Amino acid sequence: MPRVIACLLALTVIASVNPSLSGVPPGVSYQGRLTDSSGNPVVDGAYSLRFSLVAQAAGGAAFWSSPVLSVTTGNGLFTTTLEPLSAADLIGKDNVWLEAQVGSPPVTLSPRVKLTSSPFALRAGDLDMPFSGTSTTATQTLLIGNTGTGKAGYFQISSAANTNPALYATTNGTGYALTAASTAGSGAVRATTSGGTGTAVNGYTDGSGPAGYFQIDNAANNNHALIGTTNGGGSAVYASTGGTGNGVYGRTTNSGGYGVRAANTGGGTALYATSNGGSGEAVYGYTDGTGSAGAFQIDNAANSTHALIGTSIGSGSAVYASTSGTGNGVYGRTTNSAGYGVRAANTGGGTALYATSNGGSGEAVNGYTDGTGNAGYFQTANAANGSSTLYAETNGTGRAVRGHATGSAWAGYFTAAGGSAGKGVYISVPAGNAGLNVASGTKNAVVTTSSGARLMYTEESAEVWFTDYGFGRLQDGRATVAINRTFAETVDLTQPYHVFMQVNDLNSTGVGVVNKTPASFEVGELQGGKSDAEFSYRIVAKRRGYEQARLERAPYADDDENLYPQRGRREVR
C-alpha cells in the first residue's frame, strides 16, 4: 500500500515587505514522498491525491478538504499546492493534522502528519490595511507582546485634519470594549496630550452605562480609584452635567467611608461649591437613611473657627434649615460646659436670633433641659443698654409670656441685685385694663423679721379703690381737710368716696365728716364740741378710669385648673 513517509510545508515566498499584505496567496506549498508498504518509492507516474485537515491525531471529521489533485512522482517525490486555504480556515485551530487519500477508490494513508507553524502564517493576510475581520475564538483575537523595552503597541494618526480616534474599541457584548492591566506596579493606562486644548482621556457613551468607571478590587488598597492632579489654575477634576443628573455623585456602602471626601492641606478650602445663577443649591445634603444629611466637624482642639460658616449678601438666610418631619430644623449640641449648643450673634445692629412659627400650634422657641441648668438664659452685658433683656410680644389672644411650673418651683421668679438700683416687676397696660391678676393665690409682700421672712397679704376689694391717709387738728371743734392734689389726679372724686376718721384725743366726743367735695371735706366735733383734738383719716376713692368696674367676669380663667381643680387640667398656652 502506498504511503506518505515525509512531508515539507512551506509558505509561498513574499519577496519584499509591503504595507499592503493583500498579496499573500491563499494556499500552502506541500512536498512529500509516496512509497509502498515496504518503504520503497512507488513507480514514477501520475497519482490522484486528496488532502484534508483534521483537529486531532485520530478520528474526528475534517474541517477542510482539497479537491482531488493529480501529482507526478519522481523517485517517489511530488510537489503540490493545498488550496484554496485561507486564514479563516485556521481560526481557533492551534493543533492541526494533515490526512491524505490516494487512488480511486481513495485509500486513506496513515499516520496523519501534524502541521508545524508555517501554514499559520497565512494569518498574516489578516493584517491587510485597511483590515476588517471577525473571530469566533474563546481567547484573544489579537495578542501583541514585547519582551524588549519598547511599546507593545503604538497607534498614531499623522494627519492633522483627521478628527477620528487613534484607537477605537467597541463591543456589542456585556464585557469591556477596552481593558488595560498592569501587574508591575505602574499604571494600566496612561493618556497624554502634548500641547493644544485636547483631552487626554475622553469617556463617552450614548447608552445607559457610565462614560467612565474606576474600581479597586483589593480591600487592602488604600489608594484612590481615581486621582486628578493639576499644576495649573484649573480644577484637578471637573464634572459637569446638562441634564437632571449630578455633576459629581459619590457613593459608599461602607459605614466608615465617605461618598465624597474633600481635603486641603495647603490652608485653603477643602470643598468649594458654587451655584452660578438659577435657584439651585450650591451644596445639597440628602439622606433617606438614619444618618445626617450633612456633618461638619473640627478635630483640632486649638481651632477657634467655625465648623460651618454660612454667608449671604442677599436678603435670604445665610443658613436655612427646614424639616417636615418630627425632627428639628436646627439641632445644636456641645459637650463642653463653656460652649453653646447654638450661639447667635449680630454685629450690625440687628437681631441675633429671630425665631418664627408660621401656622400651626408649635413654639417659635422651645428651651428645654433635663439637667440642672436653665432652659433659657438671656443677659444684657452692656451697662448702657436701655433695652429689655427679654422682650415678648403677641398680636393674638394668648400670653406674650407664660411661665408654668409642674413642681414646687415658682412659675416666674424675678430678682434685682441686692444693694443696686434694680427693680422687680413693672406692669404697664392701657387705662381701664387689668394690670395684674392672681388666680387662686395671694398677693404678698415678703418682709424680714427676727423669726425669718414673713408674708404680708394684700386686702382685696370688689371694686377698684385707691386710698390715702393723713392727719389733722380741730380748731374750736371744726377743720377743713384739703385732699392731696396728686392723689386727686389718680381718682374720680366726682363719684362718692369714703372718709374714715379716728380721733386721737380721749377728751373729744368724736367727729363726723360733712361737705365732701372733689377738693376737700369738713370735719366737725360731735355734740357741738369745741376741742382742738388731733385726728387721723383714711380717704378711699374710685380709681380714675375704673369707676364702673365691679366683680368683672374673667372668662379666660374659666379653665384654670387651680381655680376649678374638679374640671381637670385644660391648659391654654
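*Asks:* So what exactly am I meant to see when it comes to the overall build of the chain here?
*Replies:* If you tally the helices and strands in the chain, you get two helices and 17 strands. In summary, the chain has a C-alpha radius of gyration of 55 Å against a globular reference of 25 Å for 573 residues, an excess of more than 25%. Counting only C-alpha atoms and orienting by the principal axes, one finds that the chain spans roughly 190 × 55 × 45 Å. Taken across its 573 residues, the chain has 13% of its residues classed as buried. Nonlocal contacts in the chain, meaning residues at least 24 apart in sequence, comprise 55% of its contacts between residues at least 6 apart.

*Asks:* I would appreciate a short explanation of the packing of aromatic side chains in the present structure.
*Replies:* By convention here, two paired aromatic rings are described through the distance between centres and the angle between planes. Scanning the model with the defined rule gives three aromatic pairs in all. Aromatic pair Tyr30 and Phe78: ring centres 5.9 Å apart, planes at 50°, arrangement tilted. Taken as a pair, Tyr30 in strand E2 (residues 28-35) and Phe78 in strand E6 (residues 77-82) lie far apart in primary sequence, 48 residues in all. Judged by its relative accessible area of 2%, Phe78 is buried. Among the aromatic residues, those joined into a cluster by ring pairs are Tyr30, Phe51 and Phe78. A cation over a ring is seen here: Lys542 above Trp465, with NZ or CZ 5.3 Å from the ring centre.

*Asks:* Help me out: how do you make sense of a nonpolar patch on the surface in this one?
*Replies:* Taken together, Phe414, Val425, Ile427, Val429, Leu436 and Val438 make up a surface patch of nonpolar side chains, about 560 Å² in accessible area. Secondary-structure assignment places Val438 in the loop between strand E9 (113-114) and strand E10 (444-447). Residue classification places Val438 among the partly exposed positions, given a relative accessible area of 36%.

*Asks:* It is not clear to me how the sheet that holds strand E12 (residues 465-473) should be interpreted in this structure. Could you clarify?
*Replies:* To summarise the sheet geometry, strands pair through backbone hydrogen bonds and adopt either a parallel or an antiparallel arrangement. The sheet built from three strands is open, its strands ordered E12-E17-E14 with antiparallel pairing. At either end of the open sheet lies a strand with only one pairing partner, and these are E12 and strand E14 (498-503). Here the strands of the sheet are splayed against their neighbours by 15° on average, with no regard to which way each runs. The pairing of E12 with strand E17 (residues 534-542) spans nine bridges and is antiparallel.

*Asks:* Explain the pairing of strand E15 (residues 511-514) to me, please; I cannot follow it from the model alone.
*Replies:* Along a regular strand, successive side chains alternate from one face of the sheet to the other. Here E15 runs beside strand E16 (residues 520-525); their pairing, made up of four bridges, is antiparallel. The partner of Val514 across the bridge, within E16, is Glu522. Here E15 hands over to E16 after five residues, with Asn515 in that stretch at a positive phi of 55°.

*Asks:* I would appreciate a short explanation of the pattern of salt bridges in the present structure.
*Replies:* Pairs can form between side chains of opposite charge once their charged atoms are near each other. Scanning all chains against the criterion turns up seven salt bridges. Of the charged contacts in the structure, one is a salt bridge between Lys443 and Glu460, with a shortest N-O distance of 2.7 Å. Of this pair, Lys443 sits in the loop between E9 and E10 while Glu460 is found in the loop between strand E11 (454-457) and E12, placing the two residues 17 residues apart along the sequence. Take Glu460: its relative accessible area is 48%, and that puts it in the partly exposed class.

*Asks:* Any chance you could explain the environment of Val342 here in plain terms?
*Replies:* Tracing the chain through its elements places Val342 in the loop between E9 and E10. Classification of Val342 by relative accessible area gives exposed; the value is 55%. C-alpha separation for the pair Val342 and Asn172, spaced 170 residues apart in sequence, amounts to 58 Å. Sequence-distant contacts of Val342, that is, excluding residues within four places in its chain, are made with Val330 and Gly332.

*Asks:* Can you walk me through the environment of Ala318 in this structure?
*Replies:* Turning to its location among the elements, Ala318 is positioned in the loop between E9 and E10. Taking the C-alpha atoms as reference points, Ala318 and Ala338, 20 residues apart in sequence, are found 25 Å from one another. Among residues more than four places away in sequence, those in contact with Ala318 are Gly310, Thr311 and Ser312.

*Asks:* What's the story with the nonpolar core in this structure? I'm lost.
*Replies:* Counting residues in hydrophobic clusters, the biggest one holds 20 residues, and the most contacted among them are Phe51, Leu53, Phe78 and Leu98. When residues of this core are traced back to their parent elements, those giving at least two are E2, strand E3 (46-54), strand E5 (69-72), E6 and strand E7 (97-102). In contact with Leu98, not counting residues within four places along its chain, are Tyr30, Phe51, Ser52, Leu53, Leu82, Arg112, Val113 and Leu115.

*Asks:* When you look at the sheet that holds E15 in this model, what are you seeing that I'm missing?
*Replies:* Sheet architecture is open: three strands sit in the order E13-E16-E15, paired in antiparallel fashion. The outermost strands of the open sheet, each flanked by one partner alone, are strand E13 (478-482) and E15. The sheet shows a mean angle of 25° between the axes of neighbouring strands, direction not considered.

*Asks:* What is the right way to read unusual backbone geometry from this model?
*Replies:* Trans is the prevailing form of peptide bonds, just as negative phi is the prevailing case for residues other than glycine. Of note, the amide linkage connecting Glu83 to Pro84 takes the cis form, showing an omega dihedral of -5°. When you line up the elements, Pro84 lands in the loop between E6 and helix H1 (87-90). Unlike most non-glycine residues, Asp476 shows phi in positive territory, near 60°. Along the chain, Asp476 falls in the loop between E12 and E13. Non-glycine residue Leu551 carries a positive phi angle of around 45°. The residue Leu551 is located in the segment after E17 in this model.

*Asks:* In this structure, what is going on with the environment of Ala180? I would like to understand it.
*Replies:* Structurally, the position occupied by Ala180 is in the loop between E9 and E10. The exposure class assigned to Ala180 is partly exposed, which follows from its relative accessible area of 35%. Taking the C-alpha atoms as reference, Ala180 lies 9.8 Å from Arg190; in sequence the two are 10 residues apart. Apart from residues lying up to four places away in sequence, Ala180 is in contact with Ala188 and Val189.

*Asks:* Help me understand the side chain of Ser66, please; the structure alone is not making it clear to me.
*Replies:* Mapped onto the secondary structure, Ser66 falls in the loop between strand E4 (62-65) and E5. Not counting the four nearest positions on each side in its chain, Ser66 is found in contact with Arg50, Phe51 and Glu83.

*Asks:* So what exactly am I meant to see when it comes to the pairing of E11 here?
*Replies:* Pairing geometry for E10 and E11, over four bridges, is antiparallel. Bridge pairing in E11 links Ala445 to Met456.

*Asks:* Is there a simple way to explain the confidence of the model for the chain in this structure?
*Replies:* Regions with low pLDDT carry predicted coordinates that are not meant to be interpreted in detail. Per-residue confidence for the chain averages 81 on the pLDDT scale, and 91% of its residues sit at or above 70. Note on residues 5-21: pLDDT is under 50 here. Beyond four places in sequence and across chains, it has 33 contacts.

*Asks:* What exactly am I supposed to notice about the side chain of Glu99 here?
*Replies:* Here Glu99 is to be found in strand E7. At 2.9 Å, the side chain of Glu99 forms a polar contact with the side chain of Arg112. Dropping the residues within four chain positions of it, Glu99 is found in contact with Arg50, Phe51, Ser52, Thr108 and Arg112.

How each quantity is defined
Residues numbered from 1 in each chain as written. Predicted model: local features only at pLDDT ≥ 70, side-chain atom pairs only at ≥ 80, totals over all residues. Heavy atoms only, no water. Helix = DSSP H or I, 4+ residues; strand = E, 2+ residues; numbered from the N terminus. Rg over C-alpha atoms; globule rule 2.2 N^0.38 Å. Buried < 20%, exposed > 50% of the residue type's maximum accessible area, 1.4 Å probe, protein only. Contact = heavy atoms within 4.5 Å. Phe/Tyr/Trp six-rings, centres within 6.5 Å; stacked < 30°, edge-to-face > 60°. Lys NZ or Arg CZ within 6 Å of the ring centre and 35° of its normal. Patch = residues over 30% accessible without salt bridge, like charges linked within 9 Å, V, L, I, M, F, W, Y side chains within 5 Å. Areas by Shrake-Rupley, 256 points an atom, 1.4 Å probe, with all protein chains shown as cover. Salt bridge = Lys/Arg side-chain N within 4 Å of Asp/Glu carboxyl O. Pairing = 2+ DSSP bridges. Axes fitted to C-alpha atoms, helices over the stretch in contact; angles between N-to-C directions. Core = buried A, V, L, I, M, F, W, Y, C linked by side-chain atoms within 4.5 Å. pLDDT = per-residue confidence, 0-100. Polar contact = N/O pair within 3.5 Å; in protein donor to acceptor, adjacent residues only side chain to side chain.

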